[in-house]
Amino acid sequence: MKLKVLGSSSDGNGYILEGERDALFLEAGVSFRTARQRVDLDKVRGLLVTHQHTDHSKYIKDYANGGFPCVAPAEVWEARAAFTANSYNTPAPFGSFDLGDFNVMVIPAHHDVPTVGYIISHPELGRLLFLTDSRVMATEEGSPLVINGINHVMIECNYSFEHLEQAILEGRTQLFQKERIMRTHMEVGTTIDTLLSMNLSTVSEVILLHLSSNNNKEEYCRERVVKSIGKEVYVAQPGLEVELITIR
Ligand SMILES: [Zn+2]
Ligand SMILES: [Zn+2]
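Definitions and limits used
- Residues numbered from 1 in each chain as written.
- Chains lettered and ligands numbered in written order.
- Predicted model: local features only at pLDDT ≥ 70, side-chain atom pairs only at ≥ 80, totals over all residues.
- Heavy atoms only, no water.
- Phe/Tyr/Trp six-rings, centres within 6.5 Å; stacked < 30°, edge-to-face > 60°.
- Pairing = 2+ DSSP bridges.
- Helix = DSSP H or I, 4+ residues; strand = E, 2+ residues; numbered from the N terminus.
- Axes fitted to C-alpha atoms, helices over the stretch in contact; angles between N-to-C directions.
- Buried < 20%, exposed > 50% of the residue type's maximum accessible area, 1.4 Å probe, protein only.
- Donors = N, O, S within 2.8 Å, 3.2 Å for Na, K, Ca; no water.
- Salt bridge = Lys/Arg side-chain N within 4 Å of Asp/Glu carboxyl O.
- Expected span 1.5 Å × (residues − 1).
- Arc of directions from axis to C-beta.
- Contact = heavy atoms within 4.5 Å.

Turning next to the packing of aromatic side chains. Under the definition given, this model contains seven aromatic pairs. Members of the aromatic cluster, connected to one another through ring pairs, are Phe25, Phe32, Tyr63 and Phe68.

Have a look at this one:
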């Protein structure tokens, strides 16, 4: 199965998983008009959205009119006034559902609005962890969430302490924004700790998501993660395509 990145930043998030017969959209922060050009629409089994912020949900109504089921937390449908016959609420954490041959399990995320992560399974893919806009990977109560048997990881790596401090000193990030960033997004050290908490023996590659252009540096971040986990690591950006090969 192939991952196609449409966007992965506060400018708009969107991804496509495309296999032989089935495909799935992740996030609706890139226009449906753009997204539909990158995939055979007949294969699309659905859309998953994590939360209501515009960089993840702005175009959800256009997707929901696309004729496939769209799953998002209830607050997203309210915020975007986008209820259609294809709109479904995300179940509570650890609930699961099927979209064609995709099976999806919901995991909690820790952001400043109701947000979820997803574990996506498919015969051609194995299991993929998708977690963005979350300070940590943890249960709703805040204890560490241990997830094993994962073959592919798409995880946020929003900022580094070092680059955040530098951006504040240089006036590119305002001091008042610091507290919110630290409370709502994942720091590279947390991304690494999260990866190391998992059994990485089945993981083929890690795709780092949603890097801040002000508060992070792509090469720095990628190198730190590579050094820590010794796996193939990509930084998601528009146009990136990764063939997801599953180690069984
Ligand atoms: Zn975001
Ligand atoms: Zn957000």
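From this point, things continue past the structure.
Our focus in this paragraph is the sheet that holds strand β4 (residues 44–48). To summarise the sheet geometry, strands pair through backbone hydrogen bonds and adopt either a parallel or an antiparallel arrangement. Sheet architecture is open: seven strands sit in the order β6-β5-β4-β3-β2-β1-β14, paired in mixed fashion. Because the sheet does not close on itself, it has two edges, and the strands there are β6 (87–89) and β14 (241–243). Averaged over neighbouring strand pairs, the angle between their axes works out to 20° when direction is ignored. Where strand β1 (residues 2–7) and strand β2 (residues 14–18) come together, five bridges link them in antiparallel fashion. Opposite lysine 4, over in β2, you have isoleucine 16 as the bridge partner.

So, about the environment of leucine 17. Along the polypeptide, leucine 17 turns up in strand β2. When its relative accessible area of 0% is taken as the criterion, leucine 17 is described as buried. C-alpha separation for the pair leucine 17 and valine 39, spaced 22 residues apart in sequence, amounts to 9.1 Å.

All right, on to the coordination of the zinc ion (ligand 2) then. At 2.1 to 2.4 Å from the zinc ion (ligand 2) lie its protein donor atoms, namely His51 (NE2), His53 (ND1), His111 (NE2) and Asp133 (OD). Spacing between the donor residues of the zinc ion (ligand 2) along the chain follows H-x1-H-x57-H-x21-D. Among the residues examined, histidine 111 registers a relative accessible area of 14% and is labelled buried.

Under the defined criterion, the tally for this structure stands at 10 salt bridges. Salt-bridge contacts for lysine 43 lead to glutamate 18; the nearest nitrogen and oxygen are separated by 3.0 Å. Of the two residues, lysine 43 sits in the loop between α1 (32–36) and β4 while glutamate 18 sits in strand β2, which places them 25 residues apart along the sequence. In this structure, lysine 178 and glutamate 165 form a salt bridge, with 2.9 Å as the shortest nitrogen-oxygen distance. Linking lysine 178 in helix α6 (residues 175–184) with glutamate 165 in helix α5 (residues 161–169), this pair joins segments that are 13 residues apart in sequence. Its relative accessible area of 23% is what places lysine 178 among the partly exposed residues. Overall, the relative accessible area of 37% leaves glutamate 165 in the partly exposed class. The network of salt bridges with shared partners includes Lys2, Arg38 and Glu241.

A rise of 1.5 Å per residue sets the reference length of helix α8 (residues 218–229), with its 12 residues, at 16 Å; its end C-alpha atoms lie 17 Å apart and thus fit the reference within 8%. Along α8, the residues that are buried comprise Cys221, Val225 and Ile229. Buried residues along α8 cover an arc of 40° about the axis, so they all sit on one side. Where the residues of α8 are buried, they touch α7 (188–197), β12 (205–209) and β13 (232–235). Immediately beyond the C-terminal end of α8, within one or two residues, lies glycine 230, with a positive phi of roughly 60°.

Note that all results are geometric; they support no functional claim without further evidence.
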